[in-house]
Amino acid sequence: MAEERRKKLKEQRQRYKGTSSQRGYNSAWRKARLAFLMEHPLCAECKRQGKTTVATCVDHIKPHRGDMNLFWDESNWQSLCKSCHDRKTAKEDGGFGNISNTHFSESL
């Protein structure tokens, strides 16, 4: 059972590899990102905390995990400052740029 779980986790991690462009962060994303930031220039998380901070990142509220429909769903986007985005991403990934096993537990 443990070996089967490890194999499934490994297969799922493989889907996340590739360049940022291969994961959807291409010129179309860069254009959409800039337009979104112009419409939503302040960090949503800082705003919730009563602070005013310029946003520099467009975050996927629910991680898309390769689902291109979710990736392009603007209702799933929020503007964040780099600090808030890095903190949120690290929490979701189990560390900066590291995919944690907790991402995959719901599908096992």
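For the structure, check the block above.
Residues numbered from 1 in each chain as written. Predicted model: local features only at pLDDT ≥ 70, side-chain atom pairs only at ≥ 80, totals over all residues. Heavy atoms only, no water.

**Quick look at the packing of aromatic side chains**
Part 1: Scanning all chains against the criterion turns up eight aromatic pairs.
Part 2: On the basis of an interplanar angle of 80 degrees and a centroid distance of 5.4 Å, the ring pair of F36 and W77 is categorised as edge-to-face. Note that F36 is positioned in helix α2 (residues 27-39) and W77 in strand β2 (residues 77-80), a separation of 41 residues in sequence.
Part 3: On the accessibility criterion, F36 (6% relative accessible area) is buried.
Part 4: By relative accessible area, W77 is classed as buried at 5%.
Part 5: An angle of 70 degrees between the planes, with centres 5.1 Å apart, marks the rings of F71 and W72 as edge-to-face.
Part 6: F71 sits in the buried class, given a relative accessible area of 0%.
Part 7: Taken together through their ring pairs, the aromatic side chains of Y25, W29, F36, F71, W72 and W77 make up a single cluster. (Phe/Tyr/Trp six-rings, centres within 6.5 Å; stacked < 30°, edge-to-face > 60°. Helix = DSSP H or I, 4+ residues; strand = E, 2+ residues; numbered from the N terminus. Buried < 20%, exposed > 50% of the residue type's maximum accessible area, 1.4 Å probe, protein only.)

**Regarding the nonpolar core**
Part 1: W29, F36, L37, A55, V58, F71 and W77 form the largest nonpolar core, which has seven residues in total.
Part 2: Ignoring anything within four residues of it in the chain, the contact list for W77 reads W29, A32, F36, V58, D59, H60, I61, F71 and W72.
Part 3: Among the nonpolar cores identified, the runner-up in size contains six residues, and C43, A44, C46 and L80 belong to it. (Core = buried A, V, L, I, M, F, W, Y, C linked by side-chain atoms within 4.5 Å. Contact = heavy atoms within 4.5 Å.)

**Topic: the layout of surface pockets**
Over the atoms rolls a probe the size of a water molecule, and its path tells where empty space is left.
Part 1: The computed volume of the second largest pocket comes to approximately 160 Å³.
Part 2: What lines the second largest pocket is E45, R48, Q49, Q78, L80, C84, R87, K88, K91 and E92.
Part 3: Those elements that provide at least two residues to the lining of the second largest pocket are α3 (44-48), β2 and α5 (82-93).
Part 4: Looking at the lining of the second largest pocket, the element that brings in the most residues is α5, giving five residues.
Part 5: Looking at the lining of the second largest pocket, its residues break down into two nonpolar, two polar and six charged. (1 Å grid on protein atoms, 1.4 Å probe; cavity = no way out; pocket = protein on both sides within 12 Å on 5 of 7 lines; lining within 4 Å. Points joined across faces, edges and corners; volume = space filled by probe spheres on them. Nonpolar A, V, L, I, M, F, W, Y, C, P; charged D, E, K, R; others polar.)

**Describing the side chain of H60**
Part 1: Along the chain, H60 falls in strand β1 (residues 57-60).
Part 2: Those residues in contact with H60 that sit more than four places away from it in its chain are Y25, W29, L70, F71, N76, W77 and K88.

**Observations regarding α2**
Part 1: The terminal C-alpha atoms of α2, which comprises 13 residues, lie 19 Å apart, in line with the 18 Å expected from a rise of 1.5 Å per residue.
Part 2: Of the positions making up α2, those classed as buried are W29, F36 and L37. Looking straight down α2, one finds that the buried residues subtend no more than 95 degrees of arc, so they occupy a single side. Exposed positions of α2 whose direction lies more than 90 degrees from the buried face are K31, M38 and E39.
Part 3: Where α2 is buried, its residues touch β1, α4 (68-71) and β2.
Part 4: Regarding α2, its N-cap is N26, as a side-chain oxygen of that residue lies 3.1 Å from the backbone nitrogen of A28 further along. (Expected span 1.5 Å × (residues − 1). Arc of directions from axis to C-beta. Polar contact = N/O pair within 3.5 Å; in protein donor to acceptor, adjacent residues only side chain to side chain.)

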